[in-house]
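Here are the chains, one letter per residue:
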Amino acid sequence: MPLTAGIVGLPNVGKSTLFNAITNSQVEAANYPFATIDPNVGVVEVHDPRVDKLVEIFKPKRTIYTTFEFTDIAGLVRGASKGEGLGNKFLANIRETDAICEVVRCFKNSDITHVEGSIDPIRDVETINIELVFADLDTVDKRIGKIEKKAQTGDKDSKIELEILQRIKETLEQEKPIRTMDFTKEEMVIVRQFNFLTIKPLIYVANMGEEDITNPEGNEYYVALKNYADKEGSQVVPISAQIESELAGLEPEDRAVFMEDLGLEVSGLDQLIHAAYALLGLKTFFTVGSDEVRAWTFKDGMTAPEMAGIIHTDFQKGFIKAETYSYDDLMTYGSEQACHEAGKVRQEGKSYVGQDGDIMFFKFNR
């Protein structure tokens, strides 16, 4: 499922350092604006301890974790919506993402310049957010200009679209993102066609120094960002991009020792990946056996045939039923056979809505 989160932020806040750590790749991370010119895409594994438990039980020849895609996007500056810096390129690239991870600088370092000359996470957040609002407002104004006369003639579809756009315009003029608005399913069909920037779900990533990461609440910048995010209903993930970059280059054993020395139970990257995964309403089901244990990503609300289609389109077309049991039941009873004997294995039909942690075997007509 090719869903992607765009990593955005002002220049020199740690975006590319974070991206390097996420993908264990070497994107240029230089100390000057626009070091990242073109978007870089990296696919990362979603570390899921359930997969490891399934491997212990089924001892497969092959293990495949589910994945998530991140895109590192060129740094934005004030005036991007009017083409400043690499503004037009930035806005075009971010339109192609499904969610936004906004990296905010919450550390002091005199060796790393700040494009605004000082550290102020709220100012930085508002700089980016207002540019996204302005870009959406420009989209709305242009569309209203095209359909207003047609709506005045009584054209039903144009009247409905105009009413929605006028509501959106009022919200944007109050410098509020579109994601704070409520729409019906029918209205969302119209809204989605514009690929608005401020309707995309958002996570703030507080990039902190090593000395602060085990106690984020002791960092004044993080606290300010957290309070800001709470008011708009957004999440903040504390990360030290530098630490994560160092962790990414270690072997698993050394990584575990390093994390223990730092007092970290879960890496910031794993927190971010899981937060982005949840933000997009993604869940996981498993297929298991002696040949392979595999995690699959599916969208919340998908039916069994749609989940089968993720594996192969033929599975969805010829779907008969899905033999299903839960990961939790497997952990309780210890084996697939024991789940059968306890009556925990179900035969689910076309209307079944998948649940996170389902273990499934699909039966279909070839």
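This one's a predicted model, so the numbers in the text were calculated from it and none came from an experiment.

Reading the values: rules and limits
- Residues numbered from 1 in each chain as written.
- Predicted model: local features only at pLDDT ≥ 70, side-chain atom pairs only at ≥ 80, totals over all residues.
- Heavy atoms only, no water.
- Core = buried A, V, L, I, M, F, W, Y, C linked by side-chain atoms within 4.5 Å.
- Buried < 20%, exposed > 50% of the residue type's maximum accessible area, 1.4 Å probe, protein only.
- Contact = heavy atoms within 4.5 Å.
- Helix = DSSP H or I, 4+ residues; strand = E, 2+ residues; numbered from the N terminus.
- Pairing = 2+ DSSP bridges.
- Phe/Tyr/Trp six-rings, centres within 6.5 Å; stacked < 30°, edge-to-face > 60°.
- Axes fitted to C-alpha atoms, helices over the stretch in contact; angles between N-to-C directions.
- Parallel < 35°, antiparallel > 145°, perpendicular 65-115°, else oblique.
- Left-handed = near helix turned anticlockwise from the far one by under 90°.
- Nonpolar A, V, L, I, M, F, W, Y, C, P; charged D, E, K, R; others polar.
- 1 Å grid on protein atoms, 1.4 Å probe; cavity = no way out; pocket = protein on both sides within 12 Å on 5 of 7 lines; lining within 4 Å.
- Points joined across faces, edges and corners; volume = space filled by probe spheres on them.
- Expected span 1.5 Å × (residues − 1).

**Student:** How would you summarise the nonpolar core if you had to cite specific residues and measurements?
**Tutor:** Membership of the largest hydrophobic core comes to 58 residues, with the highest contact counts inside it found for Leu18, Ile22, Phe68, Phe70, Tyr204, Leu225 and Leu272. When neighbours within four sequence positions are excluded, Ile22 is seen to be in contact with Ile7, Val44, Phe70, Leu269 and Leu272. Counting residues in hydrophobic clusters, the runner-up holds 20 residues, among them Ile130, Val140, Phe183 and Met188.

**Student:** How would you sum up the pairing of strand β7 (residues 235-239)? Please name residues and give values.
**Tutor:** In terms of burial, β7 is largely enclosed, as four of its five residues are buried. The pairing of strand β6 (residues 202-207) with β7 spans five bridges and is parallel. Each bridged residue has a counterpart across the sheet, and for Ile203 the counterpart in β7 is Gln235.

**Student:** Tell me about the packing of aromatic side chains, residues and numbers included.
**Tutor:** For the structure on display, the rule yields nine aromatic pairs. Measuring from ring centre to ring centre gives 6.0 Å for Phe285 and Phe362, while their planes differ by 90°; the resulting arrangement is edge-to-face. One end of the pair, Phe285, is in strand β8 (residues 282-287); the other, Phe362, is in strand β12 (residues 358-364), with 77 residues separating them in the sequence. Of the two residues, Phe285 and Phe362, both sit in the buried class. Consider the rings of Phe286 and Tyr327, whose centres lie 6.3 Å apart with planes at 45°: the pair is tilted. In this pair, Phe286 is assigned in strand β8 and Tyr327 in helix α13 (residues 327-333), connecting sequence segments 41 residues apart. A relative accessible area of 10% places Tyr327 in the buried class.

**Student:** How would you sum up the packing of helix α4 (residues 121-152) against helix α5 (residues 156-173)? Please name residues and give values.
**Tutor:** One way to put it is that α4 packs onto α5 with a least axis distance of 9 Å and a crossing angle of 150°. When the axes of α4 and α5 are compared, the pair comes out roughly antiparallel. Remark: the crossing between α4 and α5 carries left-handed chirality. Together, Val133, Asp136, Leu137, Val140, Asp141, Arg143, Ile144, Ile147, Glu148, Lys150 and Ala151 of α4 and Ser158, Lys159, Glu161, Leu162, Leu165, Gln166, Ile168, Lys169, Leu172 and Glu173 of α5 make up the contact between the two elements. Across the contact of α4 with α5, the residue classes tally to 10 nonpolar, two polar and nine charged.

**Student:** With reference to specific residues and values, describe empty space enclosed by the protein.
**Tutor:** Applying the stated criterion to the full structure yields one cavity of 30 Å³ or more. Of the volumes computed, that of the largest cavity is approximately 30 Å³. Of all the secondary structure elements, the ones that give two or more residues to the lining of the largest cavity are β5 (99-105) and α4. Per element, the largest residue contribution to the lining of the largest cavity is four residues, and it comes from β5. Looking at side-chain class alone, the lining of the largest cavity contains six nonpolar, one polar and three charged residues.

**Student:** Summarise the sheet that holds strand β1 (residues 4-8); cite the residues concerned and give the values.
**Tutor:** Spatial strand order, β2-β4-β1-β5-β6-β7: six strands in an open sheet with mixed pairing. Every other strand in the sheet has two partners, leaving β2 (40-45) and β7 as the edge strands with one partner each. Within the sheet, the average angular offset between the axes of one strand and its neighbour, ignoring direction, is 25°. Sheet strands touched by helix α10 (residues 268-279): β2, β4 (67-72), β5, β6 and β7. Its angle to β7, the strand with the most contacts, is close to 160°.

**Student:** Hey, could you go over α5 for me, with residue numbers and the actual values?
**Tutor:** For α5, built from 18 residues, the straight-helix expectation of 26 Å at 1.5 Å per residue is met to within 8% by its first-to-last C-alpha distance of 26 Å. Turning to α5, its buried residues are Ser158, Glu161, Leu162, Ile164, Leu165, Ile168, Thr171 and Leu172. The elements touched by buried residues of α5 are α4 and α6 (185-192). Looking one or two places after α5, you find Glu175, whose phi comes out positive at around 60°.

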